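Listed here are the chains, written in short residue letters.
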Amino acid sequence: MTSTGASSTSSSTDINLMPATELASLIRHGKVSAADALEGAIERYERFNPAVNAVILTRVNEARERAEAADAALAAGECWGTLHGVPMTIKEAFDWAGTPSTWGNPAWAADVADTDAVTVSRLQQAGAVIWGKTNVPLMLGDWQSFNDIYGCTNNPWDLTRVPGGSSGGSAVALATGMASLELGSDIGASIRNPAHYCGVFGHKPTFDLVPWEGHAIPDCEVVTDIAVCGPLARSAADLDVALDVLAGPAGFPAAGYGLTLPVEHRDSLGAFRVGVMLDTSVIRNSSAMIDTLQRAVDGLAAAGADVSEAAPAIDQHEFHENYLMLLRAATGALADDEMWEDAQSRSHRFAEGARDYQARLEHAMTMSHREWFGHHNKREGYRQAWARFFDDYDLLLCPIAASAAFVHDHTGTRPTRTIDIDGQQELGVDQLFWAGWSCSVYLPGTVAPAGLTADGLNLPVGIQIVAPHLADRRSIRYAALIERTLGGFVSPPGYE
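Just so you know, these numbers come straight off a predicted model, no measurement behind them.

Student: Got a minute to help me understand empty space enclosed by the protein in this structure?
Tutor: Over the atoms, a rolling probe the size of a water molecule traces out where space has been left empty. This structure, assessed with the given rule, holds 2 cavities of 30 Å³ or more. Each pocket or cavity is described by its volume, and for the largest cavity that value is around 120 Å³. Looking at the lining of the largest cavity residue by residue, the class counts come to 5 nonpolar, 4 polar and 4 charged. Here the second largest cavity defines a volume of roughly 30 Å³. The wall of the second largest cavity is formed by Asp-208, Val-210, Trp-212, Val-223, Ala-227, Val-228 and Cys-229. Along the lines of polarity and charge, the residues of the lining of the second largest cavity split into 6 nonpolar, no polar and 1 charged.

Here you go:
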């Protein structure tokens, strides 16, 4: 990747590959119409989507009417907001009135939303032109994005490989220029992992910073532990603007709570003291991925970054076990009666000493509240350990997965599937370690493109930037500095 300026991350002159913030500026100043921006996105959809299958539902006519209204508003001197006229898509699982929110589950194929999710409403109030929805895995539960309703989404860097999940369609829509901004969600790297696999930016906000209402399974009225909603984009500046739009209390808290996120004024690499942790003894990690990340860290250091090997003083094996228990308790609570009873029938395996992923999953789904509270209490101790780490360091750089994008594999079940790590088959679910390293303890994490692998595959690799609680702007600012130093988004070959 070549070095670029802070505000421009693509050498393409195609407006649909520009950062959303730049496109919004062009629209506001009358240099590009919202209608033309939308038509460009739709043209790319018609050209590229048959191969990648990222956008699985469209409302083109309604979007065209909104884009025309956006242009008319500007002509009358009215600007709707920071995203005025910007064409975008949203993850399928978000409620968008008049469209189904199936979560890839055929049983919910007729679950058509009556109202918009809070996040969708906020994006529209900021002027965005939402024109489609993007693909997800079944129940948002995989790092692949395929289901029996909408089929399989492919990675534009290599169609034989996965785009990540569960916001896989989101990342592909961005990488191919079909969307200028995307709305995703994350409980197990579902924003960060697809950003890494597809070479775009993603931000997992501090827990509960962005409202969840309108992103839930039918009849669920409570927030899911660990889960967050957040943006994917083609630049760090876009993440920052999107967070402005999305963040802040909704529902009952909005009656009395406001939000003032800490402002990040530092604007040089050397102004941040950064810990670096590129490997762990908990799982096996790809040497090609680690080499790419190391080259990125070396490049930052050469540009003046204050980086050194460091990590929170936590037993990483115990931490991973704690995350899996809390994660699968959270997702297991969303399971239907048949799935829960099936897990209950085998939960004795954990008590008998089994510690394979399936045994952990079944036990976590069915454990008592007393046991869950013990895991939760232990997590609070980990949160304090992270806080002590951030007494000495401003940020932590680390991976978000065990490798670059892997080859499609729809056989068996997710707990049994394997991926190739340096010629050896490793369980794909092992890499949840990196997912939980920040989100289990509710911390914000931003993923920025860090380069391409040098193993002949030339696959994108993202670096995860972990920040303290509510220091979301800090990790996004550092992502902007990485973008400025190393170069940011690069179009996949053939999608320029």
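Let us keep going from here.
Student: Where do I start with the side chain of Ser-185 in this structure?
Tutor: Looking at the secondary structure, you find Ser-185 in strand β6 (residues 182-186). Judged by its relative accessible area of 4%, Ser-185 falls in the buried class. Here Ser-185 is in contact with Lys-91, Phe-94, Leu-140, Ser-166, Ser-167, Ser-190, Ile-191, His-215, Val-228 and Cys-229, once residues within four sequence places are set aside.

Student: What should I look at first to understand a negative patch on the surface in this one?
Tutor: Side chains of Asp-336, Asp-337, Glu-338 and Glu-341 sit close together on the surface and give a patch of like negative charge. Residue placement: Asp-336 occurs in the loop between α9 (316-332) and α10 (337-346). Note on Asp-336: relative accessible area 41%, which makes it partly exposed.

Student: Explain the packing of α10 against helix α12 (residues 357-366) here, please?
Tutor: To characterise two packed helices, one gives the angle between the axes of the helices and the distance between these axes. One way to put it is that α10 packs onto α12 with a least axis distance of 8 Å and a crossing angle of 115 degrees. As judged from the angle between their axes, α10 and α12 are roughly perpendicular. Seen from above, α10 lies across α12 with left-handed handedness. Together, Met-339, Trp-340, Ala-343, Gln-344 and Arg-346 of α10 and Gln-358, Glu-362, Met-365 and Thr-366 of α12 make up the contact between the two elements. Partitioning the contact of α10 with α12 into residue classes produces 4 nonpolar, 3 polar and 2 charged.

Student: Would you mind showing me how to read the layout of surface pockets here?
Tutor: In this structure, the second largest pocket occupies an estimated 360 Å³ of space. Of the residues belonging to the lining of the second largest pocket, the class tally is 7 nonpolar, 4 polar and 6 charged.

Student: Where do I start with the confidence of the model for the protein chain in this structure?
Tutor: Low pLDDT means the predicted atomic positions in that stretch should not be read closely. On average, residues of the protein chain carry a pLDDT of 96, and 98% of them reach 70 or more. Ranking the elements of the protein chain by mean pLDDT puts α10 last with 90 and strand β11 (residues 395-398) first with 99. Below a pLDDT of 50 lies the segment residues 1-11, which in the model reaches 32 contacts outside its immediate sequence neighbourhood of four places, other chains included.

Student: What am I meant to see in the packing of aromatic side chains here?
Tutor: Each aromatic ring pair is described using two quantities: the centre-to-centre distance and the angle formed by the ring planes. What the rule picks out here adds up to 16 aromatic pairs. Both rings, one in Phe-272 and one in Tyr-478, keep their centres 5.3 Å apart while their planes meet at 75 degrees; by these two values the pair is edge-to-face. Residue Phe-272 is found in the loop between α7 (236-246) and β9 (273-276), and its partner Tyr-478 is found in helix α15 (residues 472-486); the two are separated by 206 residues along the sequence. The pair formed by Phe-272 and Tyr-478 is uniform in burial state, with each residue classed as buried. Looking at Arg-234, its charged tip hangs above the ring of Phe-489, at a distance of 5.9 Å from the centre. One Lys or Arg, Arg-273, reaches over the ring of Tyr-393 and ends 4.5 Å from the middle of that ring.

Student: Is there a simple way to explain the pattern of salt bridges in this structure?
Tutor: Opposite charge on two side chains allows them to pair when their charged atoms are near. Using the criterion set out here, one finds 24 salt bridges in the structure. The salt bridge partner of Asp-142 is Arg-417, with a shortest N-O separation of 2.9 Å. Residue Asp-142 is found in the loop between β3 (129-134) and β4 (146-147), and its partner Arg-417 is found in the loop between β11 and β12 (418-421); the two are separated by 275 residues along the sequence. Across this residue pair, the class does not change: Asp-142 and Arg-417 are buried. We note a salt bridge from Arg-484 to Asp-267, for which the minimum N-O separation is 3.2 Å.

Student: How should I be thinking about the sheet that holds strand β8 (residues 228-233) in this particular structure?
Tutor: Strand-to-strand pairing in sheets goes through backbone hydrogen bonds, with the strands running parallel or antiparallel. Taken in spatial order, the 11 strands line up as β1-β3-β2-β6-β8-β7-β14-β15-β11-β9-β10 in an open sheet, and their pairing is mixed. Looking at strand neighbours, the two that pair on one side only are β1 (55-58) and β10 (306-309), the edges of this open sheet. If you compare each strand with its neighbour and ignore which way they point, the axes differ by 30 degrees on average. Bridge analysis of β9 against β10 gives 4 bridges, and the strand direction is parallel. Bridge pairing in β10 places Gly-275 opposite Ser-308. The sheet strands contacting helix α5 (residues 168-175) are β1, β2 (87-91), β3, β6 and β8, and the helix crosses β8 at an angle near 20 degrees. Along the sheet, α15 makes contact with β7 (201-204), β9, β10, β11, β14 (445-452) and β15 (460-466), crossing β14 at roughly 15 degrees.

Thresholds applied
Residues numbered from 1 in each chain as written. Predicted model: local features only at pLDDT ≥ 70, side-chain atom pairs only at ≥ 80, totals over all residues. Heavy atoms only, no water. 1 Å grid on protein atoms, 1.4 Å probe; cavity = no way out; pocket = protein on both sides within 12 Å on 5 of 7 lines; lining within 4 Å. Points joined across faces, edges and corners; volume = space filled by probe spheres on them. Nonpolar A, V, L, I, M, F, W, Y, C, P; charged D, E, K, R; others polar. Helix = DSSP H or I, 4+ residues; strand = E, 2+ residues; numbered from the N terminus. Buried < 20%, exposed > 50% of the residue type's maximum accessible area, 1.4 Å probe, protein only. Contact = heavy atoms within 4.5 Å. Patch = residues over 30% accessible without salt bridge, like charges linked within 9 Å, V, L, I, M, F, W, Y side chains within 5 Å. Areas by Shrake-Rupley, 256 points an atom, 1.4 Å probe, with all protein chains shown as cover. Salt bridge = Lys/Arg side-chain N within 4 Å of Asp/Glu carboxyl O. Lys, Arg positive; Asp, Glu negative; His and termini not counted. Charge placed at Lys NZ, Arg CZ, Asp CG, Glu CD. Axes fitted to C-alpha atoms, helices over the stretch in contact; angles between N-to-C directions. Parallel < 35°, antiparallel > 145°, perpendicular 65-115°, else oblique. Left-handed = near helix turned anticlockwise from the far one by under 90°. pLDDT = per-residue confidence, 0-100. Phe/Tyr/Trp six-rings, centres within 6.5 Å; stacked < 30°, edge-to-face > 60°. Lys NZ or Arg CZ within 6 Å of the ring centre and 35° of its normal. Pairing = 2+ DSSP bridges.

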